[in-house]
Amino acid sequence: MQYADLLIHSARMMATMKGFSERPARGEGMSEIGLIEEGAVAIRDGKIIAVGTTEEVRAGGWVGPNTVQISAEGKVVTPGFVDPHTHVLYAGSRENELSLKLKGVPYLEILKQGGGILSTVRSTKLATDQEVKDQTKRRLQTMLSMGTTTVEVKSGYGLMVEDELRALRLIHELAREQVLDLVPTFMGAHAVPPGYSEDEFTSYIVKDMLPRIAAEGLAEFCDVFCEPGVFSLDSSERILTKANELNFKLKMHADELDSAGGAELAAKLGVISADHLLQASDDGILALAKQGVIAVLLPATSFNLAKNSYARARAMISAGVPVALATDSNPGSSPTESMPLVLTLACLYLRLTPEEALMAATINAAHAIGRADQVGSLEVGKLGDVLILDIPNLNYLPYHFGSNPVEMVIKRGNVVWET
Ligand code: NIG
Ligand code: FE
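In this text the structure is predicted, and so the values were computed from the model without any measurement.

Reading the values: rules and limits
Residues numbered from 1 in each chain as written. Chains lettered and ligands numbered in written order. Predicted model: local features only at pLDDT ≥ 70, side-chain atom pairs only at ≥ 80, totals over all residues. Heavy atoms only, no water. Helix = DSSP H or I, 4+ residues; strand = E, 2+ residues; numbered from the N terminus. Rg over C-alpha atoms; globule rule 2.2 N^0.38 Å. Buried < 20%, exposed > 50% of the residue type's maximum accessible area, 1.4 Å probe, protein only. Contact = heavy atoms within 4.5 Å. Areas by Shrake-Rupley, 256 points an atom, 1.4 Å probe, with all protein chains shown as cover. Lys, Arg positive; Asp, Glu negative; His and termini not counted. Charge placed at Lys NZ, Arg CZ, Asp CG, Glu CD. Donors = N, O, S within 2.8 Å, 3.2 Å for Na, K, Ca; no water. Polar contact = N/O pair within 3.5 Å; in protein donor to acceptor, adjacent residues only side chain to side chain. Near = heavy atom within 4 Å. Nonpolar A, V, L, I, M, F, W, Y, C, P; charged D, E, K, R; others polar. Pairing = 2+ DSSP bridges. Phe/Tyr/Trp six-rings, centres within 6.5 Å; stacked < 30°, edge-to-face > 60°. Salt bridge = Lys/Arg side-chain N within 4 Å of Asp/Glu carboxyl O. Axes fitted to C-alpha atoms, helices over the stretch in contact; angles between N-to-C directions. Parallel < 35°, antiparallel > 145°, perpendicular 65-115°, else oblique. Left-handed = near helix turned anticlockwise from the far one by under 90°.

**Student:** Any chance you could break down the overall build of the protein for me, citing the residues and the numbers?
**Tutor:** In terms of regular secondary structure, the protein is built from 16 helices and 16 strands. Here the protein has a C-alpha radius of gyration of 21 Å; the compact-globule value for 419 residues is 22 Å, and the two agree. The C-alpha extent of the protein, read off along each of the three principal axes, is 65 × 45 × 45 Å. Residues classed as buried in the protein amount to 60% of the 419 residues present. Within the protein, contacts between residues at least 6 apart in sequence are counted, and of these 73% link residues at least 24 apart. Of the roughly 16,100 Å² of accessible surface on the protein, 50% is carried by carbon and sulfur atoms. For the protein, the centre of its 38 positive side-chain charges and the centre of its 52 negative side-chain charges are spaced 2 Å apart.

**Student:** Outline the coordination of the iron ion (ligand 2), supporting the account with residue identities and numerical values.
**Tutor:** Protein-derived coordination of the iron ion (ligand 2) comes from H85 (NE2), H87 (NE2), H253 (NE2) and D328 (OD), at a distance range of 2.0 to 2.4 Å. Take H85: its relative accessible area is 0%, and that puts it in the buried class. The class of H253 is buried, set by a relative accessible area of 4%.

**Student:** Which residues make up unusual backbone geometry, and what values do they have?
**Tutor:** With a phi close to 85°, H276 is a non-glycine residue in the positive phi region. Considering the arrangement of structural elements, one finds H276 in strand β11 (residues 273–276). A positive phi is found at A306, a non-glycine position, where the angle reads about 60°. Relative to the helices and strands, A306 resides in the loop between α11 (299–305) and α12 (313–319). In this structure A306 comes out as exposed when scored by relative accessible area, which is 54%.

**Student:** Requested: an account of the side chain of S329, with residues and values cited.
**Tutor:** On the secondary structure map, S329 appears in the loop between β13 (323–325) and α13 (339–349). Of note is the side chain of S329, whose polar atom sits 2.8 Å from the backbone oxygen of T336. Non-local contacts of S329, meaning those with residues more than four positions away in its chain, are made with H85, T86, H87, V88, M143, S334, T336 and E337.

**Student:** How would you explain the side chain of T16 if you had to name every residue and give the values?
**Tutor:** Of note, T16 is situated in the loop between β1 (6–15) and β2 (35–44). Within the structure, the side chain of T16 is placed 2.7 Å from the backbone oxygen of G34, a separation counted as a polar contact. Apart from residues no more than four positions distant in its own chain, T16 is found in contact with I33, G34, I36, V51, P79, S377 and L378.

**Student:** I'd love a proper account of the site of ligand 1, names of residues and values included.
**Tutor:** In the vicinity of ligand 1, 15 residues are found, and the nearest of them are R94, Y107, Y157, D328 and S333. In this structure, E256 approaches ligand 1 through a side-chain N or O atom, which is 3.0 Å from a nitrogen atom. When its residues are assigned to classes, the shell around ligand 1 shows four nonpolar, eight polar and three charged.

**Student:** Please provide a residue-by-residue account of the pairing of strand β15 (residues 406–411), values included.
**Tutor:** Buried residues dominate β15, accounting for six of its six residues. Where strand β14 (residues 386–389) lies against β15, four bridges are found, and the strand directions are antiparallel. Paired with L387 across the bridge in β15 is V409. Pairing analysis gives four bridges linking β15 to strand β16 (residues 414–418), with the strands arranged antiparallel. For M408, the partnering residue across the bridge sits in β16 and is E418. As consecutive antiparallel partners, β15 and β16 are separated by two residues, and within that stretch R412 has a phi angle of approximately 50°, a positive value.

**Student:** With reference to specific residues and values, describe the packing of aromatic side chains.
**Tutor:** Summed over all chains, the structure comprises seven aromatic pairs. Pairing Y196 with F201 gives two aromatic rings, centres 5.4 Å apart and planes at 70°, and the pair type is edge-to-face. Taking the relative accessible area as the measure of exposure, F201 reaches 0% and is therefore buried. Both rings, one in F201 and one in F231, keep their centres 6.3 Å apart while their planes meet at 40°; by these two values the pair is tilted. One end of the pair, F201, is in helix α7 (residues 198–216); the other, F231, is in the loop between β9 (221–226) and α8 (233–245), with 30 residues separating them in the sequence. Like F201, the residue F231 is buried in the burial classification.

**Student:** Lay out the pattern of salt bridges in plain terms, naming residues and giving numbers.
**Tutor:** Following the criterion strictly, the structure yields 20 salt bridges and no others. Across the pair K133 and E173 runs a salt bridge whose closest N-O atoms are separated by 2.6 Å. Taken together, the residues span a long stretch of sequence, with K133 in helix α5 (residues 129–145) and E173 in helix α6 (residues 161–177) at a distance of 40 residues. When the shortest N-O distance is used, the salt bridge between D181 and R412 registers 3.0 Å.

**Student:** Outline the environment of F225, listing residues and values.
**Tutor:** Among the secondary structure elements, F225 is positioned in strand β9. Under the relative-accessibility criterion, F225 is labelled buried at 2%. Distance in space between the C-alpha atoms of F225 and W417 is 34 Å, their sequence separation being 192 residues. The residues touching F225, leaving out its near neighbours within four places in the chain, are Y107, L108, I117, M187, A189, H190, V230, F231, H253 and E256.

**Student:** Just give me the short version of the packing of helix α9 (residues 262–269) against helix α10 (residues 282–291), but keep the residues and values in it.
**Tutor:** Axis separation between α9 and α10 bottoms out at 8 Å; the angle between their running directions is 20°. With respect to α10, the element α9 is oriented roughly parallel. Once α9 is placed against α10, the crossing between them reads as left-handed. Across the interface between the two elements, A263, E264, A266 and A267 from α9 touch D283, G284, A287, L288 and Q291 from α10.

This is the structure we're talking about:
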């Protein structure tokens, strides 16, 4: 008998998210979190080998003399959170923009004046590799302490090819140097740098950048900030079509600030996820549902842009769009690392139930970054990425906000963080 290395047992409630590894949850499925009372999960060699009630797992003979046992009595156990949309690799910060924002200067106006994303491009370029990594590591550690065990990381504070390649290399180095699993995305199309027209920079991405990024094999996904005034529908389509030819999987920042057919284009191109979507049209939402595009919603960004405008998550769920949640962690529109905060905002302002929010932050998020075969649920064969939350029930998770509900984080079967 191969005994477990680790047994987590006696959880008052264990949310397994079972049954959605093939296809993301949608519609009423988003509430089916596979709850087990008095739950237990057994892990060996970093992977889950048994899931069930504590009685069932003990009776299965998985527990040997050397199995470490952790009681989750009275607590909630869930899969590690998956954060499928971040710009967490950068140096510097932009708290100076707060006063501009409070005066009502729009986000894109700050960018037009050479601030915003372009300001972080400058501070990242001025920093050494070690400084970028150290600053990013601190944020990744905060993410981990708040329950995130897998995170997508975009480039996009480089913009020119050597700087974008550097960013992607640093993401790979960070993947080796700390415990979270990272999924790298190329996002050269994050802003148009000074000295280029949108059209010229789009051609530069298509002709000079994408082939080199592809040749180095450093990114799985390609993403574009599709937004009037940044990258138009046409430019976005040119970039993503080329990326598709080069075998990148596709993502899109779509309809964040303005309704301009971003969701419709996302569906036409068959991207894996369309993100933001605050201004997505009814037709756009239907097109996403039809095509099975995952809507990655970013309520912390909406909260921080402070315009009282949130994505129409209920319409998306009714239409059958699979919904996921992410922090969008970045120094401008969402300076946070906290998935628990995102869950609270998703319940209060996207009107998700706690069950739907948890589904969106685990298995559906895993689908959005092509990792649903490995993470996002507590099922045999998946990585042993497990959270023990010091809360009495699931409603408590979004209800009590602003402090950390996570008592223990287990990554690949190892306790990597505890209070
Ligand atoms: O997803 N929308 C574009 N990019 C980020 C913001 C990045 C920044 O402001 O530095 C976002 O919100
Ligand atoms: Fe973003």
